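Read off the chains here:
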Amino acid sequence: MEASVPDHFEQMWRDLEPLGRSPRSGGYFRQPFGSAERELDAWFVEQATARGLRLETDAFGNRVAWWDAGTGPGVVTGSHLDSVLDGGAYDGPLGVVTALSAVELLRERGFRPARPIGVSVFVEEEGSRFGLACLGSRLATGATSWEQAGALRDRDGVRLDEAMAAQGLEVENPQPWLGSEHLACFVELHVEQGRDLVDRGAAIGVASRIWPHGRYRFDIAGSPNHAGTTRMEDRQDPMLTYAMTALAANKQARVAGQRATFGRVDTQPNSTNSVPSAVTAWMDARCETDEALAELVATITRLAEERASRDGTTLSVTAESVSGAVDFDPSLARRIAVDHETGDWPILPTQAGHDAGILSAQGIPSAMLFVRNPTGVSHSPAEHAEVPDCLAGVDALTATLERLAS
Ligand code: GLV
Ligand code: MN
Ligand code: MN
């Protein structure tokens, strides 16, 4: 392990550290088509070009940097460079930097791939700006069409194509292009977003499956009125409906052994001395099976409707982004996981969504490697992985690419 510690990993990591970092929280704001995320994209182009990789870029700005070698469809590895609002440094960039490092290591070692090897970056994986998770990989594979994406707007009402045009990206008749004729398989390395590897004392893991998950918008309308003069019994207060719904979601998820979170809420007119006219809140829900997810969302919606009728408010619920269960190709996972110097790597499920899940659902054999996260914290400035574990990730990805591209 020591012999292969690559300086290039640490150099690239230092390059990225300041980009989009909030001096206040230390977290990252790398929303798609914003200035920080575009700087990261330019950095990726620079790194790929410096390594003599051939860049393939689609109409949405998704990129694959190809090491043109061997024949046939390629083995692609990579991740994303965008972040959630106030996110961590590792979610996404770790998969891109380890991928570039692994390619460099393979070349230094004189490896001759039997197939092309690509390093990919997918745009708007987090759905932090346009609300649809894994938008880049969805568009590239045809899981979502451009017509559907055209309706997406960010929080300020900016349409997707307007946001792209503001960065000089004009979208013309884009077509899905990423399929099995192009890709033999896809491997995404990612910081672990939980504590399974810590508990097992393992630095590296392999994904077995992704829980189904979705985002649901709750629009609740009431009657705006004076906060002081309106008698309590005369109000139609949408904040109460929301508050009870958030509590119900938490309780129902806990009872069912699943996950539900309200992490974003808007209120109108957002005035301290007014009963609000409307509340819009977004729920993230994740369950072990598609059926359990549908049942959990239905139960929470029913409880919210019952409360709305007691509050005299109205409610509508819209599913904005739903990703079904993904079972990664078990033979690929085993091929990657077994028989290493340190023993087999554990194979474990995750509740987090990833581009690898979209590619897998579109029929491309896909797999994921996880790098231990000492606290399990993610989507937070406190997200972390120790350098030796990141370097173990580079080694693991290098060994994986060697297996898959031989
Ligand atoms: C992506 O990180 C997600 O699971 O929300
Ligand atoms: Mn990610
Ligand atoms: Mn994430």
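Here, the structure is the one placed above.
Residues numbered from 1 in each chain as written. Chains lettered and ligands numbered in written order. Predicted model: local features only at pLDDT ≥ 70, side-chain atom pairs only at ≥ 80, totals over all residues. Heavy atoms only, no water.

### Side note on the site of ligand 1
Inspection of the region around ligand 1 gives Glu126, Arg286, Ala352, Gly353 and His379 as its neighbouring residues. The side chain of Arg286 places a nitrogen or oxygen atom 2.7 Å from an oxygen atom of ligand 1. Contact between ligand 1 and Gly353: an oxygen atom at 2.7 Å from a main-chain N or O atom of the residue. When the free accessible area of ligand 1 is taken as 190 Å², the share hidden by the protein chains comes to 93%. (Near = heavy atom within 4 Å. Polar contact = N/O pair within 3.5 Å; in protein donor to acceptor, adjacent residues only side chain to side chain. Areas by Shrake-Rupley, 256 points an atom, 1.4 Å probe, with all protein chains shown as cover.)

### Some remarks on the coordination of the manganese ion (ligand 3)
The protein atoms that coordinate the manganese ion (ligand 3) are Asp91 (OD), Glu126 (OE), Glu126 (OE) and His379 (NE2), at distances of 2.0 to 2.6 Å. The metal-metal distance between the manganese ion (ligand 3) and the manganese ion (ligand 2) is 3.7 Å, with Asp91 serving as a donor to both. You can see Asp91 sitting in the loop between strand S3 (74-80) and helix H3 (93-108) and its partner His379 sitting in the loop between strand S15 (366-371) and helix H12 (387-404), a full 288 residues away along the chain. (Donors = N, O, S within 2.8 Å, 3.2 Å for Na, K, Ca; no water. Helix = DSSP H or I, 4+ residues; strand = E, 2+ residues; numbered from the N terminus.)

### So, the nonpolar core
Ranked by internal contacts, the top residues of the largest apolar core, which has 56 residues, are Phe44, Leu94, Ile336 and Leu369. By residue number, the principal contributor to this core is H3, which donates nine residues. For Leu369, the contacting residues outside a window of four places in its chain are Val187, Glu188, Leu189, His190, Ile204, Gly205, Val206, Ile336, Trp345, Ala396, Leu397 and Thr400. (Core = buried A, V, L, I, M, F, W, Y, C linked by side-chain atoms within 4.5 Å. Buried < 20%, exposed > 50% of the residue type's maximum accessible area, 1.4 Å probe, protein only. Contact = heavy atoms within 4.5 Å.)

### A short note on the environment of Gly118
Here Gly118 shows up in strand S4 (residues 117-122). Separated by 81 residues in the primary sequence, Gly118 and Glu37 place their C-alpha atoms 21 Å from one another. Those residues in contact with Gly118, other than ones at most four positions away along the chain, are Val64, Ala65, Trp66, Val75, Val76 and Thr77.

### Digging into the coordination of the manganese ion (ligand 2)
Binding of the manganese ion (ligand 2) to the protein goes through His80 (NE2), Asp91 (OD) and His190 (NE2), at separations of 2.0 to 2.2 Å. In terms of primary sequence, the donors binding the manganese ion (ligand 2) are separated according to H-x10-D-x98-H.

### Some words on the packing of helix H1 (residues 7-16) against helix H2 (residues 35-50)
Running from amino to carboxyl end, H1 crosses H2 at an angle of 155 degrees, the nearest separation of the two axes being 11 Å. One way to sum up the angle between H1 and H2 is to call them roughly antiparallel. As for the relative orientation of H1 and H2, their crossing is right-handed in sense. Across from Met12, Asp15 and Leu16 in H1, the residues of H2 making contact are Leu40, Trp43 and Gln47. Taken together, the residues that form the contact of H1 with H2 break down as four nonpolar, one polar and one charged. (Axes fitted to C-alpha atoms, helices over the stretch in contact; angles between N-to-C directions. Parallel < 35°, antiparallel > 145°, perpendicular 65-115°, else oblique. Left-handed = near helix turned anticlockwise from the far one by under 90°. Nonpolar A, V, L, I, M, F, W, Y, C, P; charged D, E, K, R; others polar.)

### Some words on helix H10 (residues 330-337)
Given 3.6 residues to a turn, an α-helix orients residues that are three or four positions apart in the same direction. Of all the residues in H10, the buried ones are Leu332, Ala333, Ile336 and Ala337. Projection of H10 onto a plane perpendicular to its axis shows the buried side chains occupying an angular sector of 125 degrees, all on one side. Exposed side of H10, more than 90 degrees from the buried face: Pro330 and Ser331 are the residues found there. Where the residues of H10 are buried, they touch strand S5 (183-191), strand S6 (204-210), strand S14 (347-350), S15 and H12. Directly beyond the C-terminal end of H10, a positive phi value near 65 degrees is found at Asp339. (Arc of directions from axis to C-beta.)

### A word on the packing of H10 against H12
Relative to each other, H10 and H12 sit at 120 degrees, their axes nearing to 9 Å. By the criterion of interaxial angle, the relationship of H10 to H12 is oblique. Seen from above, H10 lies across H12 with right-handed handedness. Residue-level contacts link Leu332, Arg335 and Ile336 of H10 to Thr400, Arg403 and Leu404 of H12. For the contact of H10 with H12, the class distribution of residues is three nonpolar, one polar and two charged.

### Observations regarding the packing of aromatic side chains
Under the counting rule described, the total for this entry stands at seven aromatic pairs. Judged by centre distance (5.5 Å) and plane angle (75 degrees), the rings of Phe33 and Phe60 are edge-to-face. Taken together, the positions of Phe33 in the loop between H1 and H2 and Phe60 in the loop between strand S1 (54-57) and strand S2 (63-67) put the pair 27 residues apart, joining distant regions of the chain. Considered together, Phe33 and Phe60 belong to a single accessibility category, that of buried residues. Summarising the aromatic geometry, the rings of Phe122 and Phe186 are spaced 6.0 Å apart at their centres and angled 70 degrees between planes, so their arrangement reads as edge-to-face. Highlighted residues: Phe122 in strand S4 and Phe186 in strand S5, separated in sequence by 64 residues. Through a chain of ring-to-ring contacts, the aromatic side chains of Phe9, Trp13 and Tyr90 assemble into a single cluster. When the ring centre of Trp67 is taken as reference, the NZ or CZ atom of Arg107 above it lies at 5.1 Å. In this arrangement the basic side chain of Arg264 is found over the ring face of Trp282, its NZ or CZ atom lying 3.6 Å from the centre. (Phe/Tyr/Trp six-rings, centres within 6.5 Å; stacked < 30°, edge-to-face > 60°. Lys NZ or Arg CZ within 6 Å of the ring centre and 35° of its normal.)

### A short note on the side chain of Asp154
Within the secondary structure layout, Asp154 lies in the loop between helix H5 (146-150) and helix H6 (160-165). We classify Asp154 as buried; its relative accessible area is 11%. A polar contact of 2.9 Å, which involves the side chain of Asp154, links it to the side chain of Arg129. In contact with Asp154, not counting residues within four places along its chain, are Arg129 and Phe130.

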